[in-house]
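Next come the chains, spelled out residue by residue.
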Amino acid sequence: MDIFFTDLLGKPLWMWAGFLGIVAALLALDLGVLHRRRREIGVRESLALSAFYILLGLSFGAFVWWWMGAASGIAYVTGFVVEKSLAIDNVFVIAMIFAHFGVPRIYQHRVLFWGILGVIVLRGIMIAAGAALVARFDWVLYIFAAFLILTGIKMWMFADKEYDVGASPLLRFIRRRFRVTDELHGDRFWVKVPDGRGGLAWAMTPLFLALVMVEIADVIFAVDSVPAIFAITTDPFIVYTSNIFAILGLRALYFALAAMIERFHYLKYALAVLLIFIGSKIFLADALGLAKIPPAASLGATFTILAAGIGWSLWRTRSAMDIRTYPGR
């Protein structure tokens, strides 16, 4: 049993195994119990599931606080909140991907479920690589910080620009090099079609292309979110667990927000400010002669920025909500 106490990236193996066991159980519950039969997910169910995943993520944060101390607990909660907020921006892109391929709501959960599995693996690889770099080269954190500042500025400048799914070079490459059906075939990713020589050949469906684009979108978002969490803490366990708990609720979050995405239009500006703040605080700490900005101050600033962004967005889009609710006005 000593193997469970073997060190892995600074933490005993049992902590990693316990976390991955929780993730596996949640995925099994989702696919094998809650959504065993194909059906549309309503807003009420989505809100309930979102609340469940948020509560579960925060409960794990309470464990981190109890086991690893207050500083680690605050770092986890800050990372969780930042990742959850950036996931909202991901919802905008996913909605555009589904609209581009004409994916009905009844099939969207299948895409998102398998997309989440890919995310868990990809984030693990990226975070492990990031942790190795940070452990070996301290100055990598300054590169991450500068990148976050530039990314925040870019996000602010292009906040009103919509993501053009059809312009993706990868999507054009796939359509040129592989067989792709013109129409959906239920919830199938691959189907056999005539190959033009009297036989049959496998072809991708638009549903599979939607899955590919969702994965690509997450890789793009991970380029922002992974440096952001490393700017908060360099502990690989906190980085990965806060990331994954925030992402696990992405499916429920999508179905809860997809119908009212326009209400959060101005949240992108708050996310831009948040990325600039996270990147700047590393340079600010050096300027003030501090090892780092106090975790409680970072968490408070994060909540303030996001609350202001959500409040402003809901207030600015209230007229659109009124018109939708009372079309005769």
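Criteria and cut-off values
Residues numbered from 1 in each chain as written. Predicted model: local features only at pLDDT ≥ 70, side-chain atom pairs only at ≥ 80, totals over all residues. Heavy atoms only, no water. Helix = DSSP H or I, 4+ residues; strand = E, 2+ residues; numbered from the N terminus. Rg over C-alpha atoms; globule rule 2.2 N^0.38 Å. Buried < 20%, exposed > 50% of the residue type's maximum accessible area, 1.4 Å probe, protein only. Contact = heavy atoms within 4.5 Å. Areas by Shrake-Rupley, 256 points an atom, 1.4 Å probe, with all protein chains shown as cover. Lys, Arg positive; Asp, Glu negative; His and termini not counted. Charge placed at Lys NZ, Arg CZ, Asp CG, Glu CD. Core = buried A, V, L, I, M, F, W, Y, C linked by side-chain atoms within 4.5 Å. Phe/Tyr/Trp six-rings, centres within 6.5 Å; stacked < 30°, edge-to-face > 60°. Lys NZ or Arg CZ within 6 Å of the ring centre and 35° of its normal. pLDDT = per-residue confidence, 0-100. Pairing = 2+ DSSP bridges. Expected span 1.5 Å × (residues − 1). Patch = residues over 30% accessible without salt bridge, like charges linked within 9 Å, V, L, I, M, F, W, Y side chains within 5 Å. Salt bridge = Lys/Arg side-chain N within 4 Å of Asp/Glu carboxyl O.

Chemist: Which parts of the structure should I look at to understand the overall build of the protein chain?
Modeler: Counting its secondary structure elements, the protein chain contains 12 helices and four strands. For 329 residues, the compact-globule estimate of 2.2 N^0.38 gives 20 Å, and the protein chain sits close to it at 21 Å. Its C-alpha atoms give the protein chain principal-axis dimensions of about 70 × 65 × 35 Å. Relative to its 329 residues, the protein chain shows a buried fraction of 48%. Across the protein chain, the fraction of contacts at a sequence separation of at least 24, relative to all contacts at a separation of at least 6, is 78%. In the form shown here, the protein chain has an accessible surface area of approximately 16500 Å², with 68% of it arising from carbon and sulfur atoms. In the protein chain, 30 positive and 22 negative side-chain charges are present, and the distance between their average locations comes to 5 Å.

Chemist: Would you take a moment to explain the nonpolar core for this structure?
Modeler: Generally speaking, soluble globular proteins have nonpolar side chains that are buried together. Within the largest apolar cluster, 98 residues are counted, with the highest numbers of intra-cluster contacts made by Ile-97, Phe-101, Phe-230 and Leu-248. When near neighbours in sequence (up to four residues on either side) are disregarded, Phe-230 contacts Ile-127, Gly-130, Ala-131, Val-134, Leu-141, Phe-144 and Val-239.

Chemist: I tried to follow the environment of Ile-216 on my own but got confused; where do I start?
Modeler: Mapped onto the secondary structure, Ile-216 falls in helix α7 (residues 206-232). The exposure class of Ile-216 is partly exposed, given its relative accessible area of 30%. Note: C-alpha distance between Ile-216 and Trp-315 (99 residues apart in sequence) is 33 Å.

Chemist: Help me understand the environment of Trp-315 in this model?
Modeler: Structurally, the position occupied by Trp-315 is in helix α11 (residues 295-316). For Trp-315 and Ala-301, which are 14 residues apart along the polypeptide, the C-alpha to C-alpha distance reads 21 Å.

Chemist: Just checking my understanding: could you explain the packing of aromatic side chains for this structure?
Modeler: Scanning the entire structure with this criterion turns up 25 aromatic pairs. When the ring of Tyr-266 is compared with that of Tyr-269, the centres are 6.2 Å apart and the planes differ by 25°; the resulting orientation is stacked. An aromatic cluster is present here, built from Trp-14, Trp-16, Phe-19, Phe-60, Phe-63, Trp-66, Trp-67, Tyr-76, Phe-80, Phe-237, Tyr-240 and Phe-245 joined pairwise through their rings. Across the ring face of Phe-92, the terminal group of Lys-268 is positioned such that the distance to the ring centre comes to 5.3 Å.

Chemist: Please clarify how the confidence of the model for the protein chain should be interpreted in this entry.
Modeler: Predicted coordinates in regions of low pLDDT should not be interpreted in detail. Looking at the protein chain as a whole, its pLDDT mean stands at 84, while 91% of the residues score no less than 70. pLDDT under 50 marks residues 323-329. Its contacts with residues more than four places away, or in other chains, come to four contacts.

Chemist: What am I meant to see in the pairing of strand β3 (residues 190-194) here?
Modeler: Where β3 lies against strand β4 (residues 200-204), five bridges are found, and the strand directions are antiparallel. Bridge pairing links Trp-190 to Met-204 in β4. Taking the residues between adjacent antiparallel strands as the criterion, β3 and β4 are bridged by five residues, where Gly-196 takes a positive phi near 85°.

Chemist: Whenever I open this one, helix α10 (residues 267-287) confuses me. Can you help?
Modeler: Here α10 contains 21 residues, and its C-alpha end-to-end distance of 30 Å stays within 8% of the 30 Å for a straight helix at 1.5 Å per residue. Of the residues one or two after α10, Gly-289 is the one with positive phi, at around 75°.

Chemist: Please explain a nonpolar patch on the surface as it appears in this structure.
Modeler: Judged by side-chain polarity, Leu-150, Ile-153, Trp-156, Met-157, Phe-158 and Val-273 come together as a nonpolar surface patch covering roughly 620 Å² of accessible area. For the nonpolar patch, the element with the highest residue contribution is helix α5 (residues 140-157), accounting for four residues. Structurally, Val-273 can be placed in helix α10.

Chemist: Mind showing me how you'd approach the pattern of salt bridges here?
Modeler: Pairs may arise between side chains of opposite charge once their charged atoms sit close together. Summed over the entire model, instances satisfying the criterion amount to three salt bridges. Among the salt bridges present, the one from Arg-123 reaches Glu-83, with a minimum N-O distance of 3.7 Å. Of the two residues, Arg-123 is situated in helix α4 (residues 105-136) and Glu-83 in helix α3 (residues 70-101); the sequence distance between them amounts to 40 residues. The class of Arg-123 is buried, set by a relative accessible area of 4%. Salt bridges sharing partners connect three or more residues here, namely Glu-83, Arg-123 and Asp-218.

Chemist: Help me understand the side chain of Ser-50, please; the structure alone is not making it clear to me.
Modeler: Position of Ser-50 among the secondary structure elements: in helix α2 (residues 43-68). Residue Ser-50 is classed as buried on the basis of its relative accessible area of 9%. Dropping the residues within four chain positions of it, Ser-50 is found in contact with Ala-252, Leu-253 and Ala-256.

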